[in-house]
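# Fold and contact review
Here are the chains, one letter per residue:
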Amino acid sequence: MNGRPLDFGAFSFRLVMGLLGLAAVTLLIMPTLVVVIVSFTNSFSLRFPPPGYSLRWYAALGDAWQLQFAAWNSFTVALWTTVLAIILGVAASLGIARSPKWTAKVLDSVFMSPLVLPALAYGLAALMLFSLVGWSISPVTLIIGHTVVCVPYVIRTTVAALAQLDTVLLESSASLGASRFYTFRRITLPLIRPGILAGAFIAFMSSFDNVPVSLFLRDARTDMLPIRMWQDLEGKLDVTIAAVSGAMIALTIVALVVMERLTGLSRRIR
Amino acid sequence: MWEARTVSGQALILNGITHRYGGSLAVDNVTLDIKGGEMVALLGPSGCGKTTLLRIIAGFIRQSEGAVMVGGNAIDALPPHQRNIGIVFQNYALFPHMSVAENIAYGLAARGETRAAQQNRVREMLDLVKLTPMADRYPRQLSGGQQQRIALARALAMRPSILLLDEPFAALDKNLRLDMQIEIKSIQRLAGTTTIIVTHDQEEALSMADRVAVLSQGKLEQFAPATEVYDAPSSFFVNTFVGASNVLDGVVRGVDGGQAQVRLGDGSDLSAPLPPGIQQNARVKICIRPEHLMFSEGAGDLDGTVALGMPLGSSVVHEVRLGDGTAVKVAGPRDAGAAPLAMGTRVSLRPTHATSVRLYPA
């Protein structure tokens, strides 16, 4: 670049890292591309590449009442889960971020544990607990189960946002005569809102395509989209599933762009 | 237009304030009696307890002992938001998600004043700090000096009984600093608010404050008008911390009435007012400010050679090495066209006044 001899170490490092990165990106994006391309097929099989292209399978989604029903269930459960996760997660974060005590650190780890705990094990455990206390399986138990595994995302991003919040601003607010609640409403909440929204978005997405917890905690009437998709695919290799996937990918991309604009999502979920 | 208010600020009394962090004393039995409308500086090096005192007055920490009284009432039981004490923080702490106008209105809104009252007050305060065109800007769009004036306007908008300024000029560059000092002082005069300014910068304290409280290691060393702190420091710490001072070692050789004869390390003698508690043959620290030493035409009290001469615009500073190697600084006005004395010139020095030599126990 500036006439210095080529540094072989640096060059080979960049070469290897570049190739690894390329391989990772390819592995991530290729399946998505394949399923999107297949969803536009005009044939009755999931073969790639498709013999021809059409929108027939997207049109078929309009009649797929079972899928629609499952999607609506997944959506409402994800919505309730997100609302609960925000309320519980923000409250927990406020306590964790403000407390210097060791108990706060322990609780932080406890609340985060669903991230590392196998969700299948948790699903089974929750099912046993609910039957032990005599609660029958219902959408309510399903939402509780989802909330437990989705709260960590809200806590993570909210604690991070609170750590960025300059405590002098809170003192400044108090010195101007604002009560703690007023300070929370006008200073704390607006300043950590992007962090909360980022966590809520991830919580929503993670609830929407959760399989392991839903497997155990849904009742027969509550058909969930990811499970319905798997069953359809297993039974009849239905091409509408590719169309559902295509639609979900499109919606996710739109939501990601919106959230990135609103919250700077990518900066908050490292 | 901002009308000069005849109501003077409230008196602030700190009565025997002591504060411990764990086992260590951060503030040690400090008593200050500050008059309404007065501007007082808490001056001291970092760790002297001045910031702890500020936080105690604001209510962010509760003192271990003692009482804080505003206008005759103890406020120790009140939480910060009920004290009506305005603070301008070192980094200004403007709310980044609010416009300038919203920042200034914040305290009034928190108290539930009407929108019209808020807007009137915002207009008044912007006028006071001369930033009316900036009302709709956000803090990040303002310069450091502008942010500071908004922080001041925000604190004054709620008509605080006491105003606290925490190292207010530390973040400003040097040229802006003097302008802001003059500005804030005149705004404070207009508003008549009792003001405490916490600073480690002695020039700032001396130029801004009516009275200066010098703190060291949690203890109040001296509380007096700025000029008195400089001219008649009550302790060795104050003498060396406030303003520059030459420090020499000596022994009291003779006492005559109120005067002491002191023998220096190089064998020369100086005469100085005798402070109470110092006896014949006592070892002493001798402080003489550079501007209180002058070159003597004839034989002076101290003989030495010029080691360095530095012209500083309106003044000139020489470093003179005495017989025993001790270096002293001599400052004086510089005549137009005059060059500093050449290195190696033999000179004789004497104090400008007998009273400008000060003795402290060694």
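Note that the structure is predicted; figures quoted are calculated from it, not measured.

## Remarks on the overall build of chain B
Within chain B, the secondary structure is distributed over eight helices and 20 strands. With the C-alpha coordinates of chain B rotated into their principal frame, the extents come out at 75 × 50 × 40 Å. Going through the 362 residues of chain B one by one, you find that 48% of them count as buried. Of all intrachain contacts in chain B linking residues separated by at least 6 positions in sequence, the fraction that spans at least 24 positions is 67%. When the accessible surface of chain B is summed, it comes to about 16300 Å², and 51% of that surface belongs to carbon and sulfur atoms. Considering chain B, the positive charge centre built from 34 side chains and the negative charge centre built from 34 side chains are found 5 Å apart.

## A closer look at the domain arrangement of chain B
All names here are of chain B. Taken domain by domain, chain B holds domain 1 (12-239) and domain 2 (244-361). Inter-centroid distance (C-alpha atoms) of domain 1 to domain 2 is 39 Å. Counting residues at the interface gives nine residues for domain 1 and eight residues for domain 2. Buried area between domain 1 and domain 2, both sides added, is near 770 Å², and the carbon and sulfur share of it is 48%. The three residues of domain 1 that bury the most area against domain 2 are Y230, F236 and N239, which together make up 77% of that side's buried surface. Our enumeration of links across domain 1 and domain 2 arrives at zero salt bridges.

## Let's talk about the environment of V36 of chain A
Relative to the assigned elements, V36 of chain A resides in helix α1 (residues 8-39). C-alpha of V36 of chain A to C-alpha of A247 of chain A: the two residues are 211 residues apart in sequence and 8.7 Å apart in space.

## A look at the sheet that holds strand β13 (residues 269-273) of chain B
Residue and element names in this part refer to chain B. Strand order across the open sheet formed by five strands is β13-β12-β11-β14-β20, with antiparallel pairing between neighbours. Looking at strand neighbours, the two that pair on one side only are β13 and β20 (358-361), the edges of this open sheet. Direction aside, the axes of adjacent strands within the sheet are offset by 45° on average. Here six bridges tie strand β11 (residues 246-256) to strand β14 (residues 283-288), and the two strands are oriented antiparallel to one another. Counterpart to G250 in the pairing with β14 is V284.

## Notes on the pairing of strand β19 (residues 346-351) of chain B
All names here are of chain B. Relative to β19, strand β15 (residues 293-295) runs antiparallel, the two sharing three bridges. Looking at the pairing, M294 lines up with R350 of β19. With four bridges connecting them, strand β16 (residues 302-312) and β19 associate as antiparallel partners. The residue of β19 that forms the bridge with T305 is R346.

## Describing the confidence of the model for chain A
Residues with a pLDDT of 70 or more make up 96% of chain A, whose mean pLDDT is 88. Here helix α12 (residues 265-268) of chain A stands out as the least confident element of chain A, with mean pLDDT 68; helix α7 (residues 167-175) of chain A is the most confident, with 95.

## Some thoughts on the pattern of salt bridges
Applying the stated criterion across every chain yields a total of 20 salt bridges over all chains. Among the ionic pairs, E171 of chain A bridges to R55 of chain B, the shortest N-O distance being 2.5 Å. With E171 of chain A in helix α7 and R55 of chain B in helix α1 (residues 50-58), this pair bridges two chains. Judged by relative accessible area, E171 of chain A falls into the buried class, the value being 17%.

## A few points about helix α4 (residues 144-157) of chain B
When the terminal C-alpha atoms of α4 of chain B are compared, their 20 Å separation across 14 residues agrees well with the 20 Å that a helix rising 1.5 Å per residue should span. Where α4 of chain B terminates, the next one or two residues include R159 of chain B, which has phi positive at roughly 45°.

## Overview of the sheet that holds strand β18 (residues 327-333) of chain B
All names here are of chain B. Ordered by their spatial adjacency, five strands build an open sheet running β15-β19-β16-β17-β18, and the pairing between neighbours is antiparallel. Lying at the two open borders of the sheet, with one neighbouring strand each, are β15 and β18. Pairs of neighbouring strands in the sheet enclose a mean axial angle of 45°, with direction left out of account. Of the pairings in the sheet, the one linking β16 to strand β17 (residues 315-322) comprises eight bridges and is antiparallel in character. Bridging from a neighbouring strand, G309 pairs with H318 of β17.

## Some points on the packing of aromatic side chains
Two measures describe an aromatic ring pair: the distance that separates the ring centres and the angle between the ring planes. Residue and element names in this part refer to chain A. Across all of its chains, the model carries ten aromatic pairs over all chains by this definition. When the ring of W72 is compared with that of F75, the centres are 5.8 Å apart and the planes differ by 25°; the resulting orientation is stacked. Of this pair, W72 and F75 both sit in helix α3 (residues 65-98), separated by three residues, roughly a single helical turn. What makes W72 exposed here is its relative accessible area of 53%. A residue is classified by how much of its surface remains accessible, and F75, at 33% relative accessible area, is partly exposed. Centroid distance F204 to F208: 6.1 Å. Interplanar angle 10°. Geometry classified as stacked.

## Here's the deal with helix α6 (residues 139-164) of chain A
For α6 of chain A, which comprises 26 residues, the first-to-last C-alpha distance of 37 Å matches the rise-based estimate of 38 Å (1.5 Å per residue) to within 8%. The sharpest bend along α6 of chain A comes to roughly 40°, located at V149 of chain A, with the proline P152 of chain A sitting one to four residues further on.

## Regarding the environment of L248 of chain B
Residue and element names in this part refer to chain B. Along the chain, L248 falls in strand β11. For L248, a relative accessible area of 5% puts it in the buried group. Remark: the alpha-carbon pair of L248 and I288, spanning 40 residues in sequence, is separated by 8.4 Å. Discounting residues that sit within four places of it in the chain, L248 has contacts with L264, V284, K285, I286, I288, L322, T326 and V328.

## With respect to the nonpolar core
In this structure, L12, L14, L42, L53, Y106, L164 and I196 of chain B are the most contacted members of the largest nonpolar core, which totals 71 residues. With ten residues, α6 of chain A is the single largest residue contributor to this core. Setting aside residues no more than four positions away along its own chain, L12 of chain B makes contact with L32, D33, I34, I57, V68, M69, V70, I162 and I196 of chain B. Listed in part, the 45 residues of the second largest apolar core include I104, A157, L165 and I197 of chain B.

## Considering the interface of chain A and chain B
Contacts between the two partners involve 18 residues from chain A and, on the opposite side, 21 residues from chain B. Buried area between chain A and chain B, summed over both chains or domains, comes out near 1800 Å², and the portion from carbon and sulfur atoms is 64%. Between the two partners, chain A and chain B, sit five residue pairs in polar contact (both at pLDDT 80 or more). Elements supplying a minimum of two residues to the side of chain A that touches chain B: α7 and α8 (180-208) of chain A. Here the element with the most residues in the side of chain A that touches chain B is α7 of chain A; it accounts for seven residues. Of the residues assigned to the side of chain A that touches chain B, the class counts are nine nonpolar, six polar and three charged.

Cut-offs applied
- Residues numbered from 1 in each chain as written.
- Chains lettered and ligands numbered in written order.
- Predicted model: local features only at pLDDT ≥ 70, side-chain atom pairs only at ≥ 80, totals over all residues.
- Heavy atoms only, no water.
- Helix = DSSP H or I, 4+ residues; strand = E, 2+ residues; numbered from the N terminus.
- Buried < 20%, exposed > 50% of the residue type's maximum accessible area, 1.4 Å probe, protein only.
- Contact = heavy atoms within 4.5 Å.
- Areas by Shrake-Rupley, 256 points an atom, 1.4 Å probe, with all protein chains shown as cover.
- Lys, Arg positive; Asp, Glu negative; His and termini not counted.
- Charge placed at Lys NZ, Arg CZ, Asp CG, Glu CD.
- Domains from an automatic or database assignment.
- Buried area = accessible area lost by both parts, 1.4 Å probe.
- Salt bridge = Lys/Arg side-chain N within 4 Å of Asp/Glu carboxyl O.
- Pairing = 2+ DSSP bridges.
- Axes fitted to C-alpha atoms, helices over the stretch in contact; angles between N-to-C directions.
- pLDDT = per-residue confidence, 0-100.
- Expected span 1.5 Å × (residues − 1).
- Phe/Tyr/Trp six-rings, centres within 6.5 Å; stacked < 30°, edge-to-face > 60°.
- Bend = angle between axes of the 7 residues up to and from the residue.
- Core = buried A, V, L, I, M, F, W, Y, C linked by side-chain atoms within 4.5 Å.
- Polar contact = N/O pair within 3.5 Å; in protein donor to acceptor, adjacent residues only side chain to side chain.
- Nonpolar A, V, L, I, M, F, W, Y, C, P; charged D, E, K, R; others polar.

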